Amino acid sequence: MAIAIWSSRFETGIDLVDAQHKALFEAVNRLAASFGAGTTATQVGESLAFLAQYTLEHFQTEEHFMREMGYPALETHRAEHARLVDKVQLLQSRLAEGKTVTMDVAIFLADWLKHHIHGADMAYVRFAKDKSRG
Ligand SMILES: [Fe+2]
């Protein structure tokens, strides 16, 4: 079941960021699918591990971009990223301890991603566009 459905309202107009966001939507959907019947904790763990690694890579891309353009709200944005990284790591350690991780996690991640793109990401995109206009 796809719970993160891409639409043009998530487009930032920055090709690399959009490609990474789309890949994150797909990764959240793979995680959601891994909670389906017949799948194992290993599959959930693998989907979560991919998300953990890919979010780090994506957040680095964005933070580098924001730093380069002198974005004033960089630290607030970084804090949002850091909270998500902590949350994903906590979920990974829960799974490693043999605790159950449920579909709620995929729903949380899908919601977080949509909110974060609409809020924090679009704010730096507006700043970038204003700046390029001079
Ligand atoms: Fe972001």
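Details of the structure are given in the entry above.
Residues numbered from 1 in each chain as written. Predicted model: local features only at pLDDT ≥ 70, side-chain atom pairs only at ≥ 80, totals over all residues.

Draft legend 1. Fine view of the overall build of the protein chain. Helix and strand counts for the protein chain stand at 4 helices and 0 strands. In the protein chain, the succession of helices and strands from N to C terminus is α-α-α-α. By the compact-globule yardstick of 14 Å for 134 residues, the protein chain fits well, its C-alpha radius of gyration being 16 Å. When its C-alpha atoms are laid out on the principal axes, the protein chain stretches across 55 × 25 × 20 Å. (Helix = DSSP H or I, 4+ residues; strand = E, 2+ residues; numbered from the N terminus. Rg over C-alpha atoms; globule rule 2.2 N^0.38 Å.)

Draft legend 2. Molecular detail of helix H3 (residues 74-96). End to end, H3 covers 33 Å across 23 residues, agreeing with the expected 33 Å (1.5 Å per residue, within 8%). Residues His77, Leu84, Val88 and Leu91 constitute the buried set of H3. The elements touched by buried residues of H3 are helix H2 (41-68) and helix H4 (103-133). In the stretch just after H3, Gly98 is the one whose phi turns positive, near 85 degrees. (Expected span 1.5 Å × (residues − 1). Buried ≥ 20, exposed ≤ 12 C-beta atoms within 10 Å, placed from the backbone. Contact = placed C-beta atoms within 7 Å.)

Draft legend 3. Summary view of H4. Spanning 31 residues, H4 covers 43 Å between terminal C-alpha atoms, matching the ideal 45 Å at 1.5 Å per step. The largest bend in H4 is about 40 degrees, located at Ile117. Those residues of H4 that fall on the buried side of the exposure criterion are Val105, Ala106, Leu109, Ala110, Leu113, Ile117, Asp121 and Tyr124. Residues of H4 that are buried sit in contact with helix H1 (15-33), H2 and H3. (Bend = angle between axes of the 7 residues up to and from the residue.)

Draft legend 4. How the structure looks around the packing of H2 against H3. Where H2 contacts H3, the axes come no closer than 10 Å and their chain directions differ by 165 degrees. Here H2 lies roughly antiparallel to H3, going by the angle between them. The way H2 lies across H3 gives a crossing that is left-handed. Classifying every residue of the contact of H2 with H3 gives 15 nonpolar, 6 polar and 3 charged. (Axes fitted to C-alpha atoms, helices over the stretch in contact; angles between N-to-C directions. Parallel < 35°, antiparallel > 145°, perpendicular 65-115°, else oblique. Left-handed = near helix turned anticlockwise from the far one by under 90°. Nonpolar A, V, L, I, M, F, W, Y, C, P; charged D, E, K, R; others polar.)

Draft legend 5. Representation of the environment of Lys87 in the model. For Lys87, the position within the fold is in helix H3. C-beta crowding within 10 Å serves as the criterion here: with 15 such atoms nearby, Lys87 is assigned to the partly exposed category. On a C-alpha basis, the gap between Lys87 and Leu109 in space is 9.7 Å, while along the polypeptide they are 22 residues apart.

Draft legend 6. Quick peek at the environment of Phe35. Take Phe35: it is sitting in the loop between H1 and H2. Among the residues examined, Phe35 registers 17 C-beta atoms within 10 Å and is labelled partly exposed. Between the C-alpha atoms of Phe35 and Met1, which are 34 residues apart in sequence, the distance is 9.7 Å.

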